[in-house]
There are 2 protein chains.
Amino acid sequence: MKKYLYSTLTSLQIDELCRRPAMDFESVFGEVGPIIEDVRLRGDDAVLDLTQRFDGVRPDPLSGPVSNTPEIPVQANVAEAFETAYTNIFRFHKAQYPKDLIVETMAGIVCSRVARPIKRVGLYIPGGTAVLPSSLLMLGVPAKIAGCEEIVVATPPRADGTVAPEIEYVASLIGASCIVKAGGAQAIAALAYGTASIPKVDKILGPGNRYVTAAKMLLQNSDAMISIDMPAGPSEVLVIADRQSDPAFIAADLLSQAEHGPDSQVVLVGIGEMDFEKIEEEISRQNEKLSRSDVTAKALDNSFIVETADARDAMAFANRYAPEHLIINCTGAEHLSTTVKNAGSVFIGPWSAESVGDYASGTNHTLPTYGYARMYSGVSLDSFFKHITMQRLSEEGLKAIAATVTTMAELEALDAHKNAITIRLQ
Amino acid sequence: MKKYLYSTLTSLQIDELCRRPAMDFESVFGEVGPIIEDVRLRGDDAVLDLTQRFDGVRPDPLSGPVSNTPEIPVQANVAEAFETAYTNIFRFHKAQYPKDLIVETMAGIVCSRVARPIKRVGLYIPGGTAVLPSSLLMLGVPAKIAGCEEIVVATPPRADGTVAPEIEYVASLIGASCIVKAGGAQAIAALAYGTASIPKVDKILGPGNRYVTAAKMLLQNSDAMISIDMPAGPSEVLVIADRQSDPAFIAADLLSQAEHGPDSQVVLVGIGEMDFEKIEEEISRQNEKLSRSDVTAKALDNSFIVETADARDAMAFANRYAPEHLIINCTGAEHLSTTVKNAGSVFIGPWSAESVGDYASGTNHTLPTYGYARMYSGVSLDSFFKHITMQRLSEEGLKAIAATVTTMAELEALDAHKNAITIRLQ
């Protein structure tokens, strides 16, 4: 891994290090646009043709209801793991339940703010190399708590046209109404517009490859009228460590993000003089035993080490980088965590492995990558709500505020706005 | 105004009524794309050339700092109105201040969620026919409360290249750092990419015409790395009334939205038999006296009346339409307001004129239009924060969750995720 000395870097060089490997969305938009248009015009037929082309199978039926008793065969230890993960995710997200806000801003003017669930949500679960029920737990549990009326799950079919039992099992746990056996941009387009067999949704959430992300981005700007959770890039982690940190833990945490894909990026920020060679040896040693060692090796090529003089510089770099996952595994980690400004999720201390958050601590693993942690939050219970404000004025309240409103309406040359006040008080 | 009887409408006909006058964003994207590209490549020079072309002036300087004492000359009654509006908006948004959340999901696993301000925000204030300081209050007050470090205001220059004193005054009140004298897509692009004289921001908020909105939409999908508040369409109101409602109030409220622009839409939902003719007479009578009666007349052409049998049907239609502004001015308004599912902001009872919320009740007037209230919230204090989750495990906590995490990592074929746990517990 390349190594940089923080104190010798210019501001421009730091910016350069914080820039992720380029995602060329423009070219992906060019491929995804026609897929969206095809699904918009031909509905199910287009989804089936595209699924045949990309996944090599024509699922029949394309979508189906979810059984509401989880009698789907999954192994006992897996069911138990799901149960624990579900419980922790449920606890942490239930605690986020919004309270109604009521404020009397002036005598006779009562303003309030209430939350209402988004009616129909589409949860996208990638397929590809493995089955990913954890993502369905992360999206489905808050959707269920929020009370979304219709939860539609979309995931690419397996070679035989079916969906893994673990996905069906979790879909049942979270109260999904429907599973769509399609993936890629075609699944996103079908959720956005609706087809004969796939319900149209109001918001689409979930991770995916660049085709899925590009489809979400294009559709949020289209007449399909949907919102999305956030733009998604390759997974990433930044580890802050010092000479007190166990090199084996550091190496394991870096590798656990590197295995997500060859375009993942992992960054080690080391405070003070550390034995970086030992850490790199640990990485090599652990990597040999991994089934995806070719993937991790490629990801490590995108990755680097920054050596800083102190914890303050380390956090300054981390905040500028704005990592999806931030592991603070150094002396004074808890205190340092109070100075985090930009990150998706933070893992504090030696025992907080990042994979705990991926599955079961209770926090959500759908997080902003690519530096988007500067302006986006990860998925939370709030991702499934809209907030609506209300106001109720008494006649006295209106009288008290009338001069303010009419003066400002006059200034903005909005006669009718003024008239709506004066006519009431005549 | 066209009139429909709700009980005779098919579901498809209701969908048709809920569809807004089409916004053809594709063609606007075609015009806006080259403007964005020009600003990205040529920076200030492009912004100045485009401002010359669209606003007929070359402001010098293009941007400047905001004085931090409001010694800008505004009329005393205007300053007083700003003060009242500021205070109410401040109270309502301050009450939204997020509390840190801490949940011990299992013994030894402490999860938390904290809010951090978005560092740099760009607030866009349209110019055009009038000066709109109210929009700057609505965006600037929550930005200030959240603690955004850099608040950049952009607004089109007047014919003489300056900005209205009322905008400068409010910019000072909210602690803005910089005013950019540019508007349109060129201003949005400059905020997104940054130029020599205009700071790059992380999020862009504020209303605007279709060029501004199109620029925000394109840039949220670009390498500029920004987020936006929401897509914006023409302003709209839906009024629920019955025979107890004063026809003059109904007419005034419909007109106050209609005056926003010829593409605004206003809808009256009347419960039971009502004297609709009298309301239309009131509209004509009041409209004659308005300075923008030509605008309102065009907006009324887009507008319609729906007559329903009861309050339940009225709210069913309103929830399906998802209006930006919902006025409930009928018998039992307060109770009916508890059944609102989709709306930007709600005005309850006869004294709650919509223009009160536009200026000074305390709620935000930056709201989802065009049916986007189904999946977007209006601007709130939360629009200026990101939420970051954290977790801290003790060794016991990790032991308790280890089997869950390793089982799920195995199922998802993520060896290194499993290894990050097992290596810690060896």
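Owing to the predicted nature of the structure, the values given are computational and were not obtained by experimental measurement.

> Would you take a moment to explain the overall build of chain A for this structure?
Within chain A, the secondary structure is distributed over 16 helices and 15 strands. A principal-axis box enclosing the C-alpha atoms of chain A has dimensions of 85 × 55 × 45 Å. The buried share among the 426 residues of chain A stands at 64%. In chain A, 76% of the contacts between residues at least 6 apart in sequence involve partners at least 24 apart.

> Just to check I follow, could you spell out unusual backbone geometry for this structure?
All names here are of chain A. Residue Pro 61 follows Asp 60 across a cis peptide bond; omega there is 0°. Along the polypeptide, Pro 61 turns up in the loop between helix H3 (44-55) and strand S2 (63-65). Backbone geometry places Tyr 370, a non-glycine residue, at a positive phi of 65°. Mapping Tyr 370 onto the fold places it in the loop between helix H14 (354-359) and strand S15 (385-393). With relative accessibility at 14%, the residue Tyr 370 sits in the buried group. Positive phi is not limited to glycine here, since Ala 413 has a value of about 60°. Mapping Ala 413 onto the fold places it in the loop between helix H15 (395-411) and helix H16 (415-425).

> Which parts of the structure should I look at to understand the pattern of salt bridges?
Between side chains of opposite charge, a pair can form when the charged atoms approach closely. Residues and elements named next belong to chain A. A complete count under the given rule lists 32 salt bridges over all chains for this structure. The salt bridge involving Lys 418 is made with Glu 410; its shortest N-O contact spans 2.3 Å. Take Lys 418: its relative accessible area is 27%, and that puts it in the partly exposed class. Salt bridges linked by common partners bring Asp 38, Arg 42, Asp 49 and Arg 58 together as one network.

> Explain the sheet that holds strand S9 (residues 227-228) of chain B here, please?
The strands making up a sheet associate through hydrogen bonds between their backbones, and the pairing can be parallel or antiparallel. All names here are of chain B. Sheet architecture is open: 6 strands sit in the order S2-S7-S6-S5-S8-S9, paired in mixed fashion. The outermost strands of the open sheet, each flanked by one partner alone, are strand S2 (63-65) and S9. Strand direction decides the pairing type here: strand S5 (residues 120-124) and strand S6 (residues 150-154), joined by 5 bridges, are parallel. Counterpart to Gly 122 in the pairing with S6 is Val 152. Running at roughly 165° to S5, helix H5 (residues 133-146) makes contact with S5, S6 and strand S8 (203-205) of the sheet.

> What am I meant to see in the relation of the copies chain B and chain A here?
Both copies of the chain are placed relative to one another by a rotation about an axis and a shift along it. For these two chains of identical sequence, chain B goes onto chain A by a turn of 180° and a shift of 0.0 Å along the axis, with RMSD 0.0 Å. Both chain copies can therefore be described as sitting about a two-fold axis. A symmetric contact is evident, with 100% of the interface residues of chain B recurring at the interface of chain A.

> Can you help me understand the environment of Ile 72 of chain B in this one?
Residue and element names in this part refer to chain B. Mapped onto the elements, Ile 72 comes out in the loop between S2 and helix H4 (76-94). Remark: the alpha-carbon pair of Ile 72 and Ser 345, spanning 273 residues in sequence, is separated by 33 Å. When sequence neighbours within four positions are dropped, the list of residues in contact with Ile 72 reads Ser 67, Pro 165, Glu 168, Tyr 169 and Ser 172.

> Mind showing me how you'd approach the interface of chain B and chain A here?
Where interface size is quoted, it is often the accessible area lost as the parts come together. Listed as interface residues are 121 residues of chain B and, on the opposing side, 121 residues of chain A. Across the chain B/chain A interface, buried area totals approximately 10700 Å², and carbon plus sulfur atoms make up 59% of it. At the surface where chain B touches chain A, the tally comes to 6 salt bridges. Close ionic contact of Lys 341 of chain B with Glu 149 of chain A constitutes a salt bridge, the shortest N to O distance being 3.7 Å. For the pair chain B and chain A, the interface holds 67 residue pairs in polar contact (both at pLDDT 80 or more). Partitioned by chemical class, the residues of the side of chain B that touches chain A number 59 nonpolar, 40 polar and 22 charged. Note that strand S14 (residues 345-348) of chain A and strand S15 (residues 385-393) of chain B share 4 bridges and pair parallel. Opposite Ser 345 of chain A, over in S15 of chain B, you have Thr 389 of chain B as the bridge partner.

> How do you make sense of the side chain of Ser 352 of chain B when you look at a structure like this?
The residue Ser 352 of chain B is located in the loop between strand S14 (345-348) and helix H14 (354-359) in this model. The class of Ser 352 of chain B is buried, set by a relative accessible area of 0%. In terms of polar contacts, Ser 352 of chain B uses its side chain to reach the backbone amide nitrogen of Leu 393 of chain A, at 2.8 Å. A distance of 2.6 Å separates a polar side-chain atom of Ser 352 of chain B from the backbone oxygen of Ile 348 of chain B. Ignoring any residue separated from it by four or fewer positions in sequence, one finds Ser 352 of chain B in contact with Gln 391, Arg 392 and Leu 393 of chain A together with Phe 347 of chain B.

> Hey, could you run me through the packing of helix H7 (residues 184-193) of chain B against helix H8 (residues 210-220) of chain B in this one?
Think of two packed helices as two axes; the pair is described by the angle between the axes and how far apart they sit. All names here are of chain B. It is at 7 Å that the axes of H7 and H8 come closest, and there the two elements cross at 30°. If you check the angle between H7 and H8, you find them roughly parallel. As H7 packs across H8, the resulting crossing turns out to be right-handed. Residues Gly 184, Ala 185, Ile 188, Ala 189, Ala 192 and Tyr 193 of H7 lie in contact with H8, whose contacting residues are Tyr 211, Val 212, Ala 215, Lys 216 and Leu 219. Taken together, the residues of the contact of H7 with H8 break down into 9 nonpolar, 1 polar and 1 charged.

> Can you help me understand H5 of chain B in this one?
Structural remark: α-helix, 3.6 residues per turn; residues separated by three or four positions point the same way. All names here are of chain B. With 14 residues, H5 ought to run about 20 Å at 1.5 Å a step, and its terminal C-alpha atoms sit 20 Å apart, in line with that. In terms of residue burial, H5 counts as a mostly covered element, since 13 of its 14 residues are buried. The first or second residue beyond H5 is Gly 147, which carries a positive phi of 90°.

> Got a minute to help me understand the confidence of the model for chain A in this structure?
Detailed reading of the predicted coordinates is not advisable wherever pLDDT falls low. Per-residue pLDDT for chain A has a mean of 95; in total, 99% of the residues score no lower than 70. On the interface metric, ipTM, the complex scores 0.97, and its pTM is 0.97.

> Before we go on, may I ask you to explain the sheet that holds strand S7 (residues 178-180) of chain A in this structure?
Residue and element names in this part refer to chain A. Spatially, 6 strands are ordered S2-S7-S6-S5-S8-S9 in an open sheet, and the strand pairing comes out mixed. The open sheet terminates on both sides in strands that have one partner only, identified here as S2 and strand S9 (227-228). Relative to S7, S2 runs antiparallel, the two being bridged by 3 bridges. The residue bridging Pro 65 from the neighbouring strand is Cys 178, located in S7. Docked against the sheet, helix H5 (residues 133-146) engages strand S5 (120-124), strand S6 (150-154) and strand S8 (203-205), running at close to 165° with respect to S5.

The rules behind the values
Numbering of residues begins from 1 in every chain and follows the order in which that chain's sequence is written. As a convention, the first chain written is A and the first ligand written is 1, with the rest following in written order. Reporting of local features is limited, given that this is a predicted model, to residues whose pLDDT is at least 70; pairs of side-chain atoms are given and counted only at 80 or more, and all residues count toward the totals for whole chains, interfaces and linings. Side-chain numbers come from the whole structure's heavy atoms, not from hydrogens or water. Where helices and strands are cited, they refer to DSSP runs of H or I of at least four residues and of E of at least two residues respectively, numbered from the N terminus. Throughout, exposure labels follow a simple rule: accessible area from a 1.4 Å probe, protein chains only, divided by the maximum for the residue type, with under 20% read as buried, over 50% as exposed, and the rest as partly exposed. In what follows, residue pairs with any heavy atoms lying within 4.5 Å of each other are defined as contacts. Here, a salt bridge means any Lys or Arg side-chain nitrogen found within 4 Å of an Asp or Glu carboxyl oxygen. Think of it this way: DSSP has to see at least two bridges between two strands before they count as a pair. Angular values range over 0 to 180 degrees, each being the angle between N-to-C directions of two axes fitted as lines to C-alpha atoms, with helices fitted over their stretch in contact. A least-squares superposition brings the copies together, and it is based on the C-alpha atoms of residues with pLDDT no lower than 70 in both. Accessible area, probed at 1.4 Å, shrinks when two parts are joined; the buried area is that loss added up over both. Counted as a polar contact is a pair of N or O atoms within 3.5 Å, where, for protein atoms, one must be capable of donating a hydrogen and the other of accepting one, and residues adjacent in sequence contribute only when both atoms are in side chains. Under the convention adopted here, Pro, Cys and the residues Ala, Val, Leu, Ile, Met, Phe, Trp and Tyr are nonpolar, Asp, Glu, Lys and Arg are charged, and Gly plus all remaining residues are polar. When an angle is under 35 degrees it counts as roughly parallel; over 145 it counts as roughly antiparallel; between 65 and 115 it counts as roughly perpendicular; any other value is oblique. Definitions for this section: a left-handed crossing has its near helix turned counterclockwise from the far helix by less than a right angle. A right-handed crossing has that turn clockwise. Here the expected length of a helix is defined as 1.5 Å per residue gap, with one fewer gap than residues. For every residue, the predictor assigns a confidence score, pLDDT, that lies between 0 and 100.

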